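Chain by chain, the residues run as shown.
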Amino acid sequence: ETGVTQSPTHLIKTRGQQVTLRCSSQSGHNTVSWYQQALGQGPQFIFQYYREEENGRGNFPPRFSGLQFPNYSSELNVNALELDDSALYLCASSRDIAGGPNTGELFFGEGSRLTVL
Amino acid sequence: AQSVTQLDSHVSVSEGTPVLLRCNYSSSYSPSLFWYVQHPNKGLQLLLKYTSAATLVKGINGFEAEFKKSETSFHLTKPSAHMSDAAEYFCVVSGNSGNTPLVFGKGTRLSVIA
């Protein structure tokens, strides 16, 4: 079975631009989560998608938005980029909704490193 | 709210000596707890997971962790460090359903000296 794949691996944008990051989930997984990992920090939860619906959102502004497609792949869109958006963006897939005491394993991709100049 | 505190930002050990990475958690219920490892320029890989079965959890690559409810701790150990263990390690607690699926610690960087 294929793992979680993300694209692009690296990209550079300027302030005010928009970016779309893509994620293909692991086979058999219906849930995708996105995390932002700033340099030297642990990943911070952005949002989670389950069967094409947003199911939980962290403390990120509305200019961070997402989609999940019928094949369970996903996109993360960020509008009006700011310098502080520079980070590694991680996508993770799981067999079911994550959160709560019975949370199962999340499988992470290698991330998309975004630099905003 | 759920949270984890990794007590050391950086740990350095010699190859062949034991590894101890410390983690304390806070949770309003009996949580799931995880340790993930991140090698440079790589994604996160699950080392091990605690979900209220056995309190001593064995993971991959010789790592294990013990859940101690009385101490709210979930420390990661390995009897003998290998050079390939050098990486960033994250202690993770399951959050409330939906809003915060996983809550990560800030990470501990493990260096292994030859």
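Notes on the structure follow. (Residues numbered from 1 in each chain as written. Chains lettered and ligands numbered in written order. Predicted model: local features only at pLDDT ≥ 70, side-chain atom pairs only at ≥ 80, totals over all residues. Heavy atoms only, no water.)

### Let's talk about the pattern of salt bridges
All names here are of chain A.
Item 1. Taken as a whole, this structure holds 8 salt bridges over all chains when the rule is applied.
Item 2. When the shortest N-O distance is used, the salt bridge between arginine 22 and glutamate 75 registers 3.6 Å. Within this pair, whereas arginine 22 is found in strand β3 (residues 19-24), its partner glutamate 75 is found in strand β8 (residues 74-78), the two being separated by 53 residues in sequence.
Item 3. Note on arginine 22: relative accessible area 43%, which makes it partly exposed. (Salt bridge = Lys/Arg side-chain N within 4 Å of Asp/Glu carboxyl O. Helix = DSSP H or I, 4+ residues; strand = E, 2+ residues; numbered from the N terminus. Buried < 20%, exposed > 50% of the residue type's maximum accessible area, 1.4 Å probe, protein only.)

### A word on the pairing of strand β5 (residues 44-50) of chain A
All names here are of chain A.
Item 1. Most of β5 sits out of view: 5 of its 7 residues are buried.
Item 2. If you look at the hairpin formed by strand β4 (residues 31-37) and β5, you'll find 6 residues sitting between the two strands, and glycine 40 has a positive phi there, around 80°.
Item 3. Sheet topology note: the β5/strand β6 (residues 53-57) ladder contains 3 bridges and is antiparallel. By the bridge assignment for β6, phenylalanine 47 is matched with arginine 57.
Item 4. As consecutive antiparallel partners, β5 and β6 are separated by 2 residues, and within that stretch arginine 51 has a phi angle of approximately 50°, a positive value. (Pairing = 2+ DSSP bridges.)

### Describing the interface of chain B and chain A
Item 1. Counting from both sides, the interface comprises 27 residues of chain B and, opposite them, 26 residues of chain A.
Item 2. A combined buried area of about 1900 Å² lies between chain B and chain A, and 55% of that area is made up of carbon and sulfur atoms.
Item 3. A per-residue breakdown of the area chain B buries against chain A is headed by Leu44, Pro101 and Phe104 of chain B, which together make up 24% of the total.
Item 4. In this structure, the connection of chain B to chain A is made through 1 salt bridge.
Item 5. A salt bridge links lysine 42 of chain B to glutamate 110 of chain A, with the nearest nitrogen and oxygen atoms 3.6 Å apart. (Contact = heavy atoms within 4.5 Å. Buried area = accessible area lost by both parts, 1.4 Å probe.)

### Let's talk about the state of the cysteines
Item 1. The full count for this structure, using the stated rule, is 2 disulfides over all chains.
Item 2. One disulfide in the model links cysteine 23 of chain A with cysteine 91 of chain A; its S-S distance is 1.8 Å. Across the disulfide from cysteine 23 of chain A to cysteine 91 of chain A, rotation about the S-S bond amounts to roughly -65°, and the bridge is consequently left-handed. Separated by 68 residues along the polypeptide, cysteine 23 of chain A in strand β3 and cysteine 91 of chain A in strand β9 (residues 87-94) bring together distant segments of the chain. The pair cysteine 23 of chain A / cysteine 91 of chain A is uniform in exposure class, with both members buried.
Item 3. Here cysteine 23 of chain B connects covalently by a disulfide to cysteine 91 of chain B, the sulfurs 2.0 Å from one another. When the S-S torsion is -65°, as for the bridge of cysteine 23 of chain B with cysteine 91 of chain B, the disulfide is left-handed. Placement of the pair is cysteine 23 of chain B in strand β4 (residues 23-26) and cysteine 91 of chain B in strand β10 (residues 87-94), with a sequence separation of 68 residues. (Disulfide = S-S within 2.5 Å.)

### Quick word on the nonpolar core
Item 1. Counting residues in hydrophobic clusters, the biggest one holds 27 residues, and the most contacted among them are Trp35, Leu48, Leu76 and Tyr89 of chain B.
Item 2. Broken down by element, the residue count for this core peaks at 4 residues, all from β10 of chain B.
Item 3. Ranked by size, the runner-up nonpolar core spans 20 residues in total, among them Cys23, Val32, Phe64 and Ala87 of chain A. (Core = buried A, V, L, I, M, F, W, Y, C linked by side-chain atoms within 4.5 Å.)

### Here's the deal with the sheet that holds β3 of chain A
All names here are of chain A.
Item 1. Strand order across the open sheet formed by 4 strands is β1-β3-β8-β7, with antiparallel pairing between neighbours. Of all strands in the sheet, those with a lone pairing partner are β1 (5-7) and β7 (64-68), marking the two edges. The average undirected angle you get between the axes of adjacent strands in this sheet is 15°. (Axes fitted to C-alpha atoms, helices over the stretch in contact; angles between N-to-C directions.)

### A short note on the packing of aromatic side chains
Item 1. Applying the stated criterion across every chain, the model contains 14 aromatic pairs over all chains.
Item 2. Residues tyrosine 35 of chain A and phenylalanine 104 of chain B carry aromatic rings whose centres are separated by 5.6 Å and whose planes lie at 70° to one another, so their mutual orientation is edge-to-face. With tyrosine 35 of chain A in strand β4 and phenylalanine 104 of chain B in strand β11 (residues 102-104), this residue pair bridges two chains.
Item 3. Of the residues examined, phenylalanine 104 of chain B reaches a relative accessible area of 9% and is grouped as buried.
Item 4. Residues tyrosine 50 of chain B and phenylalanine 74 of chain B carry aromatic rings whose centres are separated by 6.3 Å and whose planes lie at 50° to one another, so their mutual orientation is tilted. Residue tyrosine 50 of chain B is located in strand β6 (residues 44-50), and its partner phenylalanine 74 of chain B is located in strand β9 (residues 73-78); the two are separated by 24 residues in the primary sequence.
Item 5. When its relative accessible area of 4% is taken as the criterion, tyrosine 50 of chain B is described as buried.
Item 6. Through a chain of ring-to-ring contacts, three or more aromatic side chains come together here, namely Tyr35, Phe45 and Phe108 of chain A together with Phe34, Tyr36, Phe90 and Phe104 of chain B. (Phe/Tyr/Trp six-rings, centres within 6.5 Å; stacked < 30°, edge-to-face > 60°.)

That is the geometry; function is a separate question.
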